[in-house]
Amino acid sequence: MDKVLEGVISSDHPDKVKKALIGKILLTASKPISAEDGKAIFTLATHWNLQGETPFIRSVGMQVFLAWGLYHKDILEEFFDIKLVLGVFRGSFTANFPNEKLVLLYLLEGLKMLRGSPCLLQIYKIVQSDALRLVQDSGSLEVCVALSSLLLEFNQCIPRDTVVKFCEELVKRMALWKSPKNEANLKDYIQNVSQVSNLLGVVWKKDQSALLPSLRTVFGMISAVEVSSEPSVALASIVPQVPIDMLAVITRSVVTDPKVRDANVEVSLMRMIGWLSWPVAKNIDQWLVAFLKNLAAVQKYTLLINITKENVKKVFGRLCYPVVRNSALTVLSHMLLSFQHSPEAFHQIVGLVPDMIDFLKKEDSTSSLECMGRLAELVHCLIYHHSGFPDLYEPVLEALKGLNKPTEAMVKLRLSQSAWTSQSNGLLSYHSKFMPRSETGKTGLMNLGNTCYMNSVLQALYMADEFRMKVLSYVPNGAKGVLAQLQDVFAFLSHTQRTAYSPSTFLHTARPPWFTPGSQQDCSEFLKYLLDRIDEEEKARKKAQALLSPQDQAHLPSKMAKTENCRDDVGTPPRKMKSVPETSSLSKCQEVPNCNMVAVSGSPTVETTSLTAVKPKHLLSPRPHAPTIIEECFGGKMMSSFRCLNCGFVSIKEELFTDLSLAFPDKDFHSQDGTPVEVPNQNSSCELTSNQDSSVVGVASNQVQSTPQNSTNDKLPVMRSAGTQTEDCAELEDSPLTLENLLSYFLAPETLHGDNKYQCDRCESLQDAERQIRISHAPSYLILTLMRFSFDIKTMRRKKIVTNVQVPSALTLPVCSIDSGDSAKSAIQETSTNYSLCAVVVHSGTSSESGHYYCYASHLPSDHPPVAMETDAQEGDKKALSDQWFLFNDSRVSYTSLDSVRNITEKFPKDTAYVLLYKRLGDMEGNLAEGNGVAEPILRKDLLDNITKDNALYLQEQELEARSLALRQSQKACTSSIPFRNNDDDKNNPPGSCGGGGGGFNMPSNRFVF
């Protein structure tokens, strides 16, 4: 039969005729034949298969081999022995050197037909020993694909003793397989390289010792800086074969290996980013993000900046290709969200966003719609963070209309999680002065030497959203005063990459001249001085502006106008903010020129002194001009009434205030059963009549700093005397007081008698009188200072009252106005204003000249409902605000809860609430609420540039520190381990003293070195 087959092939018939004749002959393959004839047929078929001159002859050889092998396995087993396999591999079977691809395919088919035969064990060993040689000698794509097919089918043939070398050589050959320029051949190319990478995956699963050397070889080739040709994209097919659970430790070992140069890491990542174009590179996005995060963890920011700037446009362009779209968008999102110190990377692609959105809309596929939604969320986050470029963002926002828009809370969360400074590197954090950024996303303030009094006040003011936005919207004119310096502090707290900002310039400008540098001070005193300085500066500025000619005013910046602007959302036009009403509650008196006396009811008269006549240092003056920032946010009005108990004459004086100072009640300020005097009922109307015995029921008022003429305020404790060294603590009651108790005491009418008699203008002599204080206008932010520091004249010792005061989250403040509509009588009409707690400054210690200040604060939602005071408020507030509170302790910022604010004194008796900040509810537009989609005001370009430069400088500082640490670590042997340090201090101790802070670290359990 072998002669017949040979005659057909050697005949002059066309291939078509030969094919038909061979087909008929193959039908006889099932007939019995002798062993000699069978071996002759197999020898002829092998010769044609390996050395056939044409593809037709080689094809016929394989058909004959398979046909007779199927029916005559016993003869094939005798023929297909070790001698044959060696001859085929070494070339002795054929006249010339064999074609390795054909040899491997021939062996594969032979092994398939003899699967399970004992004779194959020796053949497996031959293939094992020759596999490495085949890769080294040839290494072409087609040979390696054929070898991979053989080894994948018969894992017994995979090399054992030389498995590491085999994998390394196979990886090296893959780097040489250039992708075809002809797209028609691209599909076959992808299938072939995937076949080889699948072999590597199988080998690594069987022998994990070969994985890391193989990856080291890959990294060596893709990180080579000077190469004659670029390594092939075929290497990208290796990525999916690496176990994903090894991703973190492998990428970390690369970036922390001191032997790996930064230039090599940069080049390797550049090439890996190029692999995003190839569908064979599955999971490449996860590897790239892991590399970028680990580079951030070791503060290699120069690398990150270069990589991002060089590749962000390229990655953005990959969104056009559905097969790699998701991976590209993952990498793009991380690049842009982490590049927070400058808008440079974002601005490279922001102009391309409208066209990309249009392209994705036209594609109208599931993939494009999903990508469009994710891209819209990403762009909104970046516009929020890199605000101040309306010309660039306006067309982008137009293109994004109707697409996904994240809430501000989600925006801040994504930004805080993606920032380079949020990637922790435990070892560096332990040794370095650069502590990891707070998980809250908030920025701390560095303690510059007993400056916690200033830091706590600044953080409380910063968390007052309306005030912060007005300050950030301010446009300085000329020399930078306190307000401009405060604007710098707020801007850096909002946009810096630093864990803590140093307010040294602000301290130099805003520190009261009588404050001794380096000494602890009273934060309330500093707050009053700060607000007074800001208010006076702005008034002087407005006064100077009013003296300018209309031509000069036309050249002033538009933002210096009467209204302050802010944006109600990302990219939306600015709109006017509500301001404090300017109408006085005593407008009827003020409308009469030169009027000081008004008859209120019959014979008694109400005297209104000129507003300019009463102007304590920390009170606001009358404003014939547009309200200042302080007036809008903290300005309130109070009325002080004095009723002569002899003639019934009543005089009323109106004053402006910025804060209330609440004294602690005397022991006799209780009823016989021990119940404190309550605040008068809300919505009551109290008439002022001519009855000499009638009393005026007061409403909540802010305590003034100066007393009325010929009278003193016996509710005010004697202030401490400078220079006294004795310190002590006092506690008024065993049971805690409430803030309402202090307000009740402050509001209660008091009798002026004895040495404290009142000078009655009608009686023209000193008389017993009754004084009452009322609030005529409630401020937007109500500042309450608990007067804990006093000087005891009897003992000549300075005291701090450490009595616990329960601080309610909801507070109702009665507000009154005089209604003179009825000629017969005038009444004080009382309404109520609801407030919600937004900040508490706590003093820890026994004296205002020692101890420590820290601050609890929360962004108050504008739609927070008024809550009945201390009924269901505690449970309702706990649910509404518990996860929104922050603890600011100098450079350290952490999450806390409302319960922590309420219970701090119970846990730590010397830590007491000192300054409280409440926000008026119901008058603040929704765009000012933190977490309700608000965007910060657009910063001035010079200020934004300063922040950008400082962020870049900070990244350089961290990188230098990291490199120095790595150098020190490499120069000494790690002979001792560093003990784990528990830093969960808040659970066991109070927040700490001035300058406190610390951090822990985690040692890696294992480490691979590339």
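Scroll up a little and you will see the structure.
Residues numbered from 1 in each chain as written. Predicted model: local features only at pLDDT ≥ 70, side-chain atom pairs only at ≥ 80, totals over all residues. Heavy atoms only, no water.

Caption draft 1: Structural context of the overall build of the chain. Broken down by element type, the chain carries 35 helices and 26 strands. Within the chain, contacts between residues separated by at least 24 positions form 78% of all contacts whose residues are at least 6 apart in sequence. (Helix = DSSP H or I, 4+ residues; strand = E, 2+ residues; numbered from the N terminus. Contact = heavy atoms within 4.5 Å.)

Caption draft 2: Summary view of the state of the cysteines. Counting across every chain of the model gives 0 disulfides. With no disulfide partner, C763 has as its closest neighbouring cysteine sulfur the one in C647, 3.6 Å distant. (Disulfide = S-S within 2.5 Å.)

Caption draft 3: Representation of the packing of helix α17 (residues 325–338) against helix α22 (residues 408–418) in the model. The interhelical angle for the contact between α17 and α22, taken along N-to-C directions, is 90°, at an axis separation of 8 Å. When the interaxial angle is binned, α17 and α22 end up roughly perpendicular. Counting all contacts with α17, which are made through S333, H334, L337 and S338, the residues of α22 involved are R414, L415 and S418. For the contact of α17 with α22, a count of residues per class yields 2 nonpolar, 4 polar and 1 charged. (Axes fitted to C-alpha atoms, helices over the stretch in contact; angles between N-to-C directions. Parallel < 35°, antiparallel > 145°, perpendicular 65-115°, else oblique. Nonpolar A, V, L, I, M, F, W, Y, C, P; charged D, E, K, R; others polar.)

Caption draft 4: Molecular detail of the packing of aromatic side chains. Going through the model one piece at a time under the given rule, you end up with 23 aromatic pairs. When the centroid spacing of 5.8 Å and the interplanar angle of 40° are considered together, the rings of F634 and Y781 count as tilted. With F634 in helix α31 (residues 629–634) and Y781 in strand β17 (residues 781–786), this residue pair connects regions lying 147 residues apart in the sequence. With respect to burial, F634 and Y781 carry one shared label: buried. An aromatic cluster is present here, built from F42, F65, F79, F80 and Y106 joined pairwise through their rings. When the ring centre of F886 is taken as reference, the NZ or CZ atom of K442 above it lies at 5.1 Å. (Phe/Tyr/Trp six-rings, centres within 6.5 Å; stacked < 30°, edge-to-face > 60°. Buried < 20%, exposed > 50% of the residue type's maximum accessible area, 1.4 Å probe, protein only. Lys NZ or Arg CZ within 6 Å of the ring centre and 35° of its normal.)

Caption draft 5: Looking closely at the nonpolar core. Within the largest apolar cluster, 154 residues are counted, with the highest numbers of intra-cluster contacts made by F80, F166 and W275. Take this core: its biggest share by element is 10 residues, from helix α20 (residues 366–385). W275 has contacts with I222, V233, L235, A236, V239, A281 and I284, leaving out every residue within four places of it along the chain. In terms of nonpolar packing, the next biggest core, distinct from the first, is built from 58 residues, L530, I783, Y914 and L939 among them. (Core = buried A, V, L, I, M, F, W, Y, C linked by side-chain atoms within 4.5 Å.)

Caption draft 6: Geometry of the packing of helix α14 (residues 262–274) against helix α15 (residues 284–297). Between α14 and α15, whose axes approach to 10 Å, the crossing angle comes to 155°. Accordingly, the angle class assigned to the pair α14 and α15 is roughly antiparallel. As α14 runs across α15, the sense of the crossing is left-handed. Packed against α14, whose contacting residues are V265, L269, M272 and I273, the element α15 presents I284, W287, L288, F291, L292 and L295 at the interface. Residue composition of the contact of α14 with α15, grouped by class: 10 nonpolar, no polar and no charged. (Left-handed = near helix turned anticlockwise from the far one by under 90°.)

Caption draft 7: Highlighting the sheet that holds strand β7 (residues 636–644). Pairing within the open sheet is antiparallel, and its 4 strands lie in the order β8-β7-β16-β13. Each of the sheet's edge strands pairs with one partner strand only, and the pair in question is β8 (650–657) and β13 (750–752). Neighbouring strand axes in the sheet, compared pairwise and without regard to direction, differ in orientation by 30° on average. In the sheet, β13 pairs with strand β16 (residues 769–777) via 3 bridges, with the strands oriented antiparallel. Note that in β16 the partner of L752 across the bridge is A769. (Pairing = 2+ DSSP bridges.)

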